[in-house]
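# Structural overview for review
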Amino acid sequence: MRLKHILIIPLFVLSVSLCSCSAELSEPYSTERLSQLNIAAETDDGYKAAGFASALCVPEDEAPLNSEGVNAAAFGLFNVATGEYVSGSGLFEQVYPASTTKILTCLLALENGDLDAIVTIPEESDITVSGSSMADLKPGDQLSLRDLLYGLMVPSGNDAAVAIAHHISGGVSEFSDLMNERAHSIGATHSHFSNPHGLPSDDHYTTAYDMYLIFNEAMKHPEFAQFASMKEYTAQVTGADGTVREVTWENGNGFLAGRFELPDGVELKAGKTGHTNAAGFCLVLSETAPSGDELISVVFNAPTYDDLYNGMSTLVGKGL
């Protein structure tokens, strides 16, 4: 299915409200509506925009497309090279993002930070929520922002996420404002973020389509793909007492770990996992198809770990 390329915002941002997770979305990316707002211009080959959105995949409606075989509440497959929306269901349904939130956290760190800067882990990084994924960082520890981003993306460290928020913006609340501003600036107008890590909050949600937009933006940074594709990484951490220790992190991505396989000929470029009881099992990936086309695939709220990876493999196969 060939999609129309349109400019999603900026006028949308002026009217979007930060609604609760139960709010219904009504044609959030309608080409007709955007045309009425004079955001997109009609040309011989459809709606085009001179700005960033001219290269985005935009579904023509909300009906499920080629969605058989994927057991999840919301998912989508997008061919970045051709601008095609290949498969999906529930694209605009609000879902909890869990640790896929860290895609946006990493993007903001890359855009606003110096990778060689030394970051001191704040007291607020000492998260005690049961089951919270951590990078084993202690208040007072020091490491480079570069290593901290590995701690964010490889073991999905919530402590690393809080440290990044404090380093970039001075605190979680201020960083959350930056997250929402940046998300809306790239068209993710039906998301709202209240923290940098994705621990459950009624005021913290996204959609499968919004996360495609965010991940697509992050993949414009070569460093992001590096952080989001490492199976294992060892960082040098200086403790508050001046002693240096090595911390080794392992990625929980089932494809990177070899527990599951993508279709033959597909190369995994980068990805981010997520899981909480509220969010279910979540995964966002960038892959290269045998044709050379870049794909982005998003699965949210799969009921089990196996459903997530088997469903993701099935989904990616629809783009080959």
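Residues numbered from 1 in each chain as written. Predicted model: local features only at pLDDT ≥ 70, side-chain atom pairs only at ≥ 80, totals over all residues. Heavy atoms only, no water.

## Let's talk about the sheet that holds strand S9 (residues 267-276)
With antiparallel pairing, five strands are arranged side by side in an open sheet as S4-S3-S11-S10-S9. A strand with exactly one partner marks an edge of an open sheet, and here the two such strands are strand S4 (84-89) and S9. Across the sheet, the mean angle from the axis of one strand to that of its neighbour is 5°, orientation sign disregarded. By the bridge criterion, five bridges tie strand S3 (residues 74-79) to S4 in an arrangement that is antiparallel. Within the sheet, the bridge partner assigned to Gly76 lies in S4 and is Gly88. (Pairing = 2+ DSSP bridges. Helix = DSSP H or I, 4+ residues; strand = E, 2+ residues; numbered from the N terminus. Axes fitted to C-alpha atoms, helices over the stretch in contact; angles between N-to-C directions.)

## Description of a negative patch on the surface
Side chains of Glu60, Asp61, Glu62 and Glu93 sit close together on the surface and give a patch of like negative charge. Here Glu60 is to be found in the loop between strand S2 (46-48) and S3. (Patch = residues over 30% accessible without salt bridge, like charges linked within 9 Å, V, L, I, M, F, W, Y side chains within 5 Å. Areas by Shrake-Rupley, 256 points an atom, 1.4 Å probe, with all protein chains shown as cover. Salt bridge = Lys/Arg side-chain N within 4 Å of Asp/Glu carboxyl O. Lys, Arg positive; Asp, Glu negative; His and termini not counted. Charge placed at Lys NZ, Arg CZ, Asp CG, Glu CD.)

## A closer look at the nonpolar core
Ranked by internal contacts, the top residues of the largest apolar core, which has 66 residues, are Leu137, Leu148, Leu149, Tyr212, Ile214, Phe224 and Trp249. Ranked by the residues each element gives to this core, the list is headed by helix H7 (residues 208-218), at eight residues. In contact with Trp249, not counting residues within four places along its chain, are Ala135, Leu137, Leu143, Asp147, Tyr150, Gly151, Val154, Pro155, Lys231, Glu232, Tyr233 and Ala235. Core analysis: the next-biggest nonpolar cluster, separate from the first, contains 21 residues, Leu285, Leu295, Val299 and Leu315 among them. (Core = buried A, V, L, I, M, F, W, Y, C linked by side-chain atoms within 4.5 Å. Buried < 20%, exposed > 50% of the residue type's maximum accessible area, 1.4 Å probe, protein only. Contact = heavy atoms within 4.5 Å.)

## Some points on helix H9 (residues 305-317)
Over its 13 residues, H9 runs 19 Å from end to end, which matches the ideal 18 Å to within 8%, given 1.5 Å per residue. Of all the positions in H9, only Leu308, Tyr309, Gly311, Met312, Ser313, Leu315 and Val316 are classed as buried. Summarising the contacts, the buried residues of H9 are in contact with S3, S4, S9, strand S10 (280-288) and strand S11 (294-302). (Expected span 1.5 Å × (residues − 1).)

## Description of unusual backbone geometry
Even without a glycine there, the phi angle at Asn66 is positive, about 50°. Among the structural elements, Asn66 can be located in the loop between S2 and S3. One non-glycine residue, Ala98, lies in the positive phi region at around 50°. Mapped onto the elements of the fold, Ala98 is located in the loop between S4 and helix H3 (102-112).

## Notes on the pairing of S4
Most of S4 sits out of view: five of its six residues are buried. As consecutive antiparallel partners, S3 and S4 are separated by four residues, and within that stretch Gly83 has a phi angle of approximately 75°, a positive value.

## Considerations on the packing of helix H4 (residues 145-153) against helix H5 (residues 158-169)
Two elements in contact, H4 and H5, have axes separated by 8 Å at closest approach and are oriented at 140°. One finds that H4 runs oblique with respect to H5. Taken as a pair, H4 and H5 cross one another with a handedness that is left-handed. Mapping the contact onto sequence places Leu145, Leu148, Leu149, Gly151 and Leu152 in H4 and Ala160, Ala161, Ala163, Ile164 and His167 in H5. Residues belonging to the contact of H4 with H5 are distributed by class as follows: eight nonpolar, two polar and no charged. (Parallel < 35°, antiparallel > 145°, perpendicular 65-115°, else oblique. Left-handed = near helix turned anticlockwise from the far one by under 90°. Nonpolar A, V, L, I, M, F, W, Y, C, P; charged D, E, K, R; others polar.)

## Quick look at the environment of Val95
Within the secondary structure, Val95 is located in the loop between S4 and H3. Here Val95 falls in the buried class, since its relative accessible area comes to 8%. Separated by 184 residues in sequence, Val95 and Ala279 have C-alpha atoms that sit 6.8 Å apart. Ignoring sequence-local partners within four residues, the contact set of Val95 consists of Ala74, Tyr205, Thr206, Thr207 and Phe300.

## Side note on the environment of Asp203
The residue Asp203 is located in the loop between helix H6 (172-185) and H7 in this model. For the pair Asp203 and Tyr96, spaced 107 residues apart in the sequence, the C-alpha separation amounts to 9.4 Å. Every residue in contact with Asp203, bar those within four places of it in the chain, is listed here: His192, Phe193 and Ser194.

## Re the packing of H3 against H5
The geometry of H3 relative to H5 is characterised by a closest axis approach of 10 Å and an angle of 35° between their N-to-C directions. Between H3 and H5 lies a crossing whose hand is left-handed. Residues Lys102, Thr105, Ala109 and Asn112 of H3 form the contact with H5, whose own contacting residues are Asn158, Ala161, Ile164 and Ile168. Tallied by class, residues from the contact of H3 with H5 come to four nonpolar, three polar and one charged.

## Things to note about the pattern of salt bridges
Going through the model one piece at a time under the given rule, you end up with seven salt bridges. Glu111 is paired through a salt bridge with Arg182; the nearest N and O atoms lie 2.8 Å apart. You can see Glu111 sitting in helix H3 and its partner Arg182 sitting in helix H6, a full 71 residues away along the chain. The partly exposed category is assigned to Glu111, whose relative accessible area is 31%. In this structure, Glu217 and Lys220 form a salt bridge, with 2.9 Å as the shortest nitrogen-oxygen distance. Relative accessible area serves as the criterion here: at 13%, Glu217 is assigned to the buried category. The exposure class assigned to Lys220 is exposed, which follows from its relative accessible area of 51%. One connected set of salt bridges, linked through shared partners, spans Glu111, Arg182, Glu217 and Lys220.

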